[in-house]
Amino acid sequence: VSLLGIAVESQQFSVVMRLSGEADLSTLGQLRDALNDQISGGARQLIIDLSGLRFADSSSIRALTDAHLALRAQGGTLELVDPQPNVARILVLLGIDQVLTVRPQPDSGTAGAGLGCRLRLTLAGRRISGCRRGSGAQPHAGPRVR
Amino acid sequence: MLDQEFGETTLRVLRETVLAHATDAGMPEGRALDVMLAVHELAANAVEHGGGTGRLRMSVTNRELICQVSDPGPASSGLSCNTPGSQRPSATARISPWSYEPGHGLWLVRQIADHISVTCGPAGSRVTVAFAMLRSGIP
């Protein structure tokens, strides 16, 4: 039994791929196959719903960003939606939120502006505090120079 | 404290074990998840590039939690031992704004861990990462 669940739902203008469980090296082929099916099928807007995914490693994130590049090359887009904190943390650590769109909720209507900030503030961990983008946010002060 | 072998199909068990041990050792939840992620990336690297299996040894002192991941491969890709024949990034990878490399997980580990040391040799590779038990930044 695979650790990773993949459910694909075609909508009028987009395809939603819901990932659940855990994505690691053992599920990498399964994930790449599912993404490649959409790319070769000519998908234009691929939405990856991450709300059910508890863990993703760097190889799985790389499969997603590879798919993003392939889709972009054929005029399509790939969005990541609603990552759990554990997955959001690796997205931020790898700088993925700077490379492709990550939205907090499906159909939220608003673009991802400020998400990176929200993720940074809600996630535990050193170098993630502060907001690198988003207007009006106070930059996190570093060590005070005495 | 912990001595466990792993392979591709046991990475999940390894993650759960590491998370439980890090939490039991007194790591705050967010940091325990970091330890789990770092060990997973090292273990996945060992599985993918270091011969398919590896071994985790984990110990804790009052100052830090130390995880040592070893594999029998000549040199895990992404490690800072420049052996001939190490994998190069693919052509597709080079066009990315985010610089992908096969050993990208190692880069991630360097961001998370407080200390990392890498030993490579004909008998295999060994990566040791340490995490401070008390969070730095508190005066």
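Procedures and definitions
- Residues numbered from 1 in each chain as written.
- Chains lettered and ligands numbered in written order.
- Predicted model: local features only at pLDDT ≥ 70, side-chain atom pairs only at ≥ 80, totals over all residues.
- Heavy atoms only, no water.
- Pairing = 2+ DSSP bridges.
- Helix = DSSP H or I, 4+ residues; strand = E, 2+ residues; numbered from the N terminus.
- Axes fitted to C-alpha atoms, helices over the stretch in contact; angles between N-to-C directions.
- Contact = heavy atoms within 4.5 Å.
- Right-handed = clockwise from strand over helix to strand, strands pointing away.
- pLDDT = per-residue confidence, 0-100.
- Core = buried A, V, L, I, M, F, W, Y, C linked by side-chain atoms within 4.5 Å.
- Buried < 20%, exposed > 50% of the residue type's maximum accessible area, 1.4 Å probe, protein only.

Asker: Hey, could you run me through the sheet that holds strand 2 (residues 15-23) of chain A in this one?
Answerer: Strand pairing in a sheet is mediated by backbone hydrogen bonds. Such pairs are either parallel or antiparallel. All names here are of chain A. Taken in spatial order, the five strands make up an open sheet running 1-2-3-4-5, and their pairing is mixed. Two strands in the sheet have a free side with no partner beyond their single neighbour: strand 1 (4-10) and strand 5 (101-103). Geometrically, the sheet is characterised by an average inter-axis angle of 20° between neighbouring strands, direction not taken into account. Pairing of strand 3 (residues 45-56) with strand 4 (residues 77-81), which is carried by five bridges, proceeds in the parallel orientation. Residue pairing across strands places I48 opposite L80, the latter belonging to strand 4. Lying over the sheet, helix 1 (residues 28-40) contacts strand 1, strand 2 and strand 3, oriented at roughly 10° with respect to strand 1.

Asker: Explain the sheet that holds strand 2 (residues 53-60) of chain B here, please?
Answerer: Residues and elements named next belong to chain B. With antiparallel pairing, the five strands of this open sheet are ordered in space as 1-2-3-5-4. Of all the strands in the sheet, just strand 1 (2-7) and strand 4 (115-121) have a single pairing partner and so form its edges. For this sheet the average axis-to-axis angle between neighbouring strands, irrespective of direction, equals 15°. Taken together, the six bridges between strand 1 and strand 2 define a ladder with antiparallel strand orientation. Looking across to strand 2, one finds that L2 is bridged to M58.

Asker: Quick question: what am I supposed to make of the pairing of strand 3 of chain A here?
Answerer: Residue and element names in this part refer to chain A. In the sheet, strand 2 pairs with strand 3 via eight bridges, with the strands oriented parallel. Considered in strand 3, the bridge of M17 is made with I48. Handedness of the crossover is the feature at issue here: the chain leaves strand 2, passes through helix 1, returns alongside strand 3, and the resulting connection is right-handed. For the crossover that starts at strand 3, traverses helix 2 (residues 58-73) and ends in the parallel strand 4, the hand is right-handed.

Asker: It is not clear to me how the confidence of the model for chain A should be interpreted in this structure. Could you clarify?
Answerer: Should the pLDDT be low somewhere, the predicted coordinates at that spot are not to be read in detail. Residue and element names in this part refer to chain A. Taken as a whole, chain A shows an average pLDDT of 79; of its residues, 72% reach a score of 70 or greater. Strand 2 holds the highest mean pLDDT among the elements of chain A, 98, whereas helix 5 (residues 115-122) holds the lowest, 42. Here residues 108-146 is a poorly scored stretch, pLDDT under 50, and it has 48 contacts once near neighbours within four places are set aside; other chains count.

Asker: Mind showing me how you'd approach unusual backbone geometry here?
Answerer: Backbone geometry follows two general trends: most residues other than glycine have a negative phi, and most peptide bonds adopt the trans configuration. Phi at D82 of chain A is positive, roughly 60°, even though this residue is not glycine. By the element assignment, D82 of chain A lies in the loop between strand 4 and helix 3 (85-93).

Asker: How do you make sense of the nonpolar core when you look at a structure like this?
Answerer: Generally speaking, nonpolar side chains in soluble globular proteins are found buried as a group. Among the nonpolar cores identified, the biggest contains 65 residues, and L35, I48 and L80 of chain A together with F6, V35 and L56 of chain B are the most heavily contacted of them. Considering each element in turn, this core owes the most residues, eleven residues, to helix 2 (residues 29-49) of chain B. Excluding residues within four positions of it along the chain, V35 of chain B makes contact with V18, A22, M27, L65, C67 and F131 of chain B.

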